[in-house]
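Listed below, chain by chain, are the residues.
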Amino acid sequence: SSRTMSLLSQLEKINLDSVLGEADNARYVTSKILHLVQSQEKTRKEMTSKGCTGIEVILSTLEVKSFNLCGYGYIVGFHFILGLCGGRRASVLVTKGGTQILLQLLLTASKDSPPNEELMVLLHTLLAKIGPKDKKIGMKARINGALNISLNLVKQNLQNHKLVLPCLQVLRVYSTNSVNAVSLGKNGVVELMFKIIGPFTKKNTSLIKVALDTLAALLKSKTNARRAVDRGYVQVLLTIYVDWHRHDSRHRYMLIRKGVLQCIKSVTNIKLGRKAFIDANGMKILYNTSQECLAVRTLDPLVNTSSLIMRKCFPKNRLPLPTIKSAFHFQLPVIPASGPVAQLYSLPPDVDDVVDESDDNDDAETESEIETENDDDKDQHFKNDDIETDINKLKPRQELGRPIEELKMYEQFFPELSENFQECDLVSKEPKPFVPDANLSGPIVVPTAGEE
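- As annotated in an unreviewed UniProt entry, the protein chain is CBPC1 carboxypeptidase from Chionis minor.

Put into structure tokens, the structure is as follows:
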């Protein structure tokens, strides 16, 4: 404990010194602290405890000495922070301003040609860990200009899975923001994800799982969903799902299969996506695969998600239904020879007679996705309209079981509830002054404290 505090104080003094020769000393001290953190759990707890400035000192070292420490100093510092990041410790790093510093260092490191691979892996691994703890990381990355750095790294290193995996994890965090999702979609991230998830292979399944999660988050944007439909990716998703269903006989890759269904669920949120799903025979595919999954209890999430997709995409019809699509047959007493009812009855069985107007305002919504910058504030100030916050409304109302007229018969038993005592001396606000009786003789003795 004293050794750690001594090293931190030395590092803090080095940060205050602007001499270039101190970089080697900073590397040495940082590596010593790293050794203590990696070898002793007690040191890790102490560094993240209240009142300890260990994380601030390391972050300030990375910020102040960013150009002097060079590659090795970066790596040592990030290894140190990575050892501390986990659970509550990641939240501590966010509150200390770690997100902003890491994004700035990512921007600085990306200017090197070629960039340091180990440094990029560590930076993205850190950002992926602290990203879920920082609700504004998407906005911070967009403001700092770090949004496309991870995307460009993936484009240039598709075969380098060690580097691509943490980059995809960061893109997954960025994509939860709708403005970022639209911006990344314009730069070709949707097409890039399909290069990673297809064709079918059981190699690098962790990479495929992260890519599917990222794609599902991106397709929640209607702009990206329309782009996927226009390029025929709905058919591709169904083909990938069937391939995994056929080859995963031992059900080891259920999460990947669910990830594909989540992508289909996201793309079918728009009308074009639902139409493309029907045209690609998606209803039959999901129905048949769900029937085969019913016997295995662990595959219930796949059946549930498939059911949600089929219910959402199934053609909607008005009642009464004179076709075999309904289990019940409603016969109208009188059907006019011409009119809207006769037209409905004359439609073929596979026609959707309910007009879907859910996407009529897509263009306006797309513009609002790009122009509106308040999505991050909504995360902070989210208000659930279903929760009542008025205390007066939450208090139960006590109502009498009988009318007040019927209760007057009991007044004689409870006079204190009906009589007015305000005129009595006992409850008056100003007590009457004591006036001695003139007929009394002798001095008036006032008892002191303690006498009866």
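So that's the structure; there's more coming.
1. Considering the overall build of the protein chain
Moving on, step 1. Counting its regular elements, the protein chain contains 25 helices and 0 strands.
Moving on, step 2. Within the span of the protein chain, comprising 452 residues, buried residues form 39% of the whole.
Moving on, step 3. Long-range pairs, those at least 24 residues apart, make up 73% of the contacts in the protein chain between residues at least 6 apart in sequence.

2. Some words on the packing of aromatic side chains
Moving on, step 1. Applying the stated criterion across every chain yields a total of 3 aromatic pairs.
Moving on, step 2. Aromatic pair Phe 200 and Trp 244: ring centres 4.7 Å apart, planes at 75°, arrangement edge-to-face. Pair noted here: Phe 200 is in the loop between α13 (189-197) and α14 (205-218) and Trp 244 is in helix α16 (residues 233-247), with a separation of 44 residues, a long-range link.
Moving on, step 3. In textbook terms, an aromatic cluster arises when at least three aromatic residues are bridged by ring pairs, as seen for Phe 200, Trp 244 and Tyr 253.

3. A short note on a nonpolar patch on the surface
Moving on, step 1. A surface patch of nonpolar side chains, about 580 Å² in accessible area, is lined by Met 409, Tyr 410, Phe 413, Phe 414 and Leu 417.
Moving on, step 2. Along the chain, Met 409 turns up in the segment after α25 (404-407).
Moving on, step 3. Since its relative accessible area comes to 51%, Met 409 is described here as exposed.

4. As for the nonpolar core
Moving on, step 1. In this structure, Leu 127, Leu 168, Tyr 174, Met 193, Ile 197, Leu 215 and Phe 277 are the most contacted members of the largest nonpolar core, which totals 87 residues.
Moving on, step 2. When sequence neighbours within four positions are dropped, the list of residues in contact with Tyr 174 reads Leu 103, Leu 127, Ile 137, Gly 138, Ala 141, Ala 146, Leu 147, Ser 150, Asn 180 and Leu 184.
Moving on, step 3. Residues Leu 11, Val 29, Val 37 and Val 57 belong to the second largest nonpolar core, which totals 11 residues.

5. A look at the packing of helix α17 (residues 254-267) against helix α20 (residues 300-313)
Moving on, step 1. For the pair α17 and α20, the least separation of the axes is 10 Å and the interaxial angle reads 15°. It follows that α17 is roughly parallel to α20 by the angle criterion. For the element pair α17 and α20, the recorded crossing hand is left-handed. Between α17 and α20, the residues in contact are Met 254, Arg 257, Lys 258, Leu 261, Gln 262, Ile 264 and Lys 265 and Pro 301, Leu 302, Thr 305, Ser 306, Leu 308, Ile 309 and Lys 312, respectively.
Moving on, step 2. Grouping the amino acids of the contact of α17 with α20 by side-chain chemistry returns 7 nonpolar, 3 polar and 4 charged.

6. Description of the packing of helix α7 (residues 98-109) against helix α8 (residues 117-130)
Moving on, step 1. One way to put it is that α7 packs onto α8 with a least axis distance of 10 Å and a crossing angle of 155°. Taken together, the axis directions place α7 and α8 in an arrangement best described as roughly antiparallel. Every pair of crossing elements has a handedness; the one defined by α7 and α8 is left-handed. In contact with Thr 99, Leu 102, Leu 103, Leu 105, Leu 106 and Ala 109 of α7, α8 contributes Leu 119, Met 120, Leu 123, His 124, Leu 126, Leu 127 and Ile 130.
Moving on, step 2. Grouping the constituent residues of the contact of α7 with α8 by class yields 11 nonpolar, 2 polar and no charged.

7. So, α8
Moving on, step 1. If you check α8, its first and last C-alpha atoms are 20 Å apart, about what 14 residues at 1.5 Å a residue would give, namely 20 Å.
Moving on, step 2. Within α8, 10 of the 14 residues are buried, leaving the element largely enclosed by the surrounding structure.
Moving on, step 3. Turning to α8, its buried residues number three or more, namely Leu 119, Met 120, Val 121, Leu 122, Leu 123, His 124, Leu 126, Leu 127, Ala 128 and Ile 130.
Moving on, step 4. A distance of 3.1 Å separates the backbone nitrogen of Glu 118 from a side-chain oxygen at the start of α8, and that oxygen is part of Asn 116.

8. Examining α13
Moving on, step 1. Buried residues dominate α13, accounting for 8 of its 9 residues.
Moving on, step 2. Buried within α13 we find Val 189, Val 190, Glu 191, Leu 192, Met 193, Phe 194, Ile 196 and Ile 197.
Moving on, step 3. In this structure, the buried side of α13 is in contact with α10 (147-156), α11 (161-174), α12 (178-186), α14, α15 (222-230) and α16.

9. Describing unusual backbone geometry
Moving on, step 1. The omega torsion across Ser 113 and Pro 114 is -10°, close enough to zero to call that bond cis.
Moving on, step 2. Looking at where Pro 114 falls in the secondary structure, it is placed in the loop between α7 and α8.
Moving on, step 3. Going from Gly 198 to Pro 199, the amide bond is cis rather than trans, its omega being 0°.
Moving on, step 4. Take Pro 199: it is sitting in the loop between α13 and α14.
Moving on, step 5. A positive phi angle is found at His 251, which is not glycine, with a value near 60°.
Moving on, step 6. Looking at the secondary structure, you find His 251 in the loop between α16 and α17.
Moving on, step 7. Taking the relative accessible area as the measure of exposure, His 251 reaches 30% and is therefore partly exposed.
Moving on, step 8. The backbone of Asn 281 shows a phi angle near 60°, a positive value even though the residue is not glycine.
Moving on, step 9. As for its placement among the helices and strands, Asn 281 is situated in the loop between α18 (271-279) and α19 (282-293).
Moving on, step 10. Relative accessible area serves as the criterion here: at 41%, Asn 281 is assigned to the partly exposed category.

What counts and what doesn't
- Residues numbered from 1 in each chain as written.
- Predicted model: local features only at pLDDT ≥ 70, side-chain atom pairs only at ≥ 80, totals over all residues.
- Heavy atoms only, no water.
- Helix = DSSP H or I, 4+ residues; strand = E, 2+ residues; numbered from the N terminus.
- Buried < 20%, exposed > 50% of the residue type's maximum accessible area, 1.4 Å probe, protein only.
- Contact = heavy atoms within 4.5 Å.
- Phe/Tyr/Trp six-rings, centres within 6.5 Å; stacked < 30°, edge-to-face > 60°.
- Patch = residues over 30% accessible without salt bridge, like charges linked within 9 Å, V, L, I, M, F, W, Y side chains within 5 Å.
- Areas by Shrake-Rupley, 256 points an atom, 1.4 Å probe, with all protein chains shown as cover.
- Salt bridge = Lys/Arg side-chain N within 4 Å of Asp/Glu carboxyl O.
- Core = buried A, V, L, I, M, F, W, Y, C linked by side-chain atoms within 4.5 Å.
- Axes fitted to C-alpha atoms, helices over the stretch in contact; angles between N-to-C directions.
- Parallel < 35°, antiparallel > 145°, perpendicular 65-115°, else oblique.
- Left-handed = near helix turned anticlockwise from the far one by under 90°.
- Nonpolar A, V, L, I, M, F, W, Y, C, P; charged D, E, K, R; others polar.
- Expected span 1.5 Å × (residues − 1).
- Polar contact = N/O pair within 3.5 Å; in protein donor to acceptor, adjacent residues only side chain to side chain.

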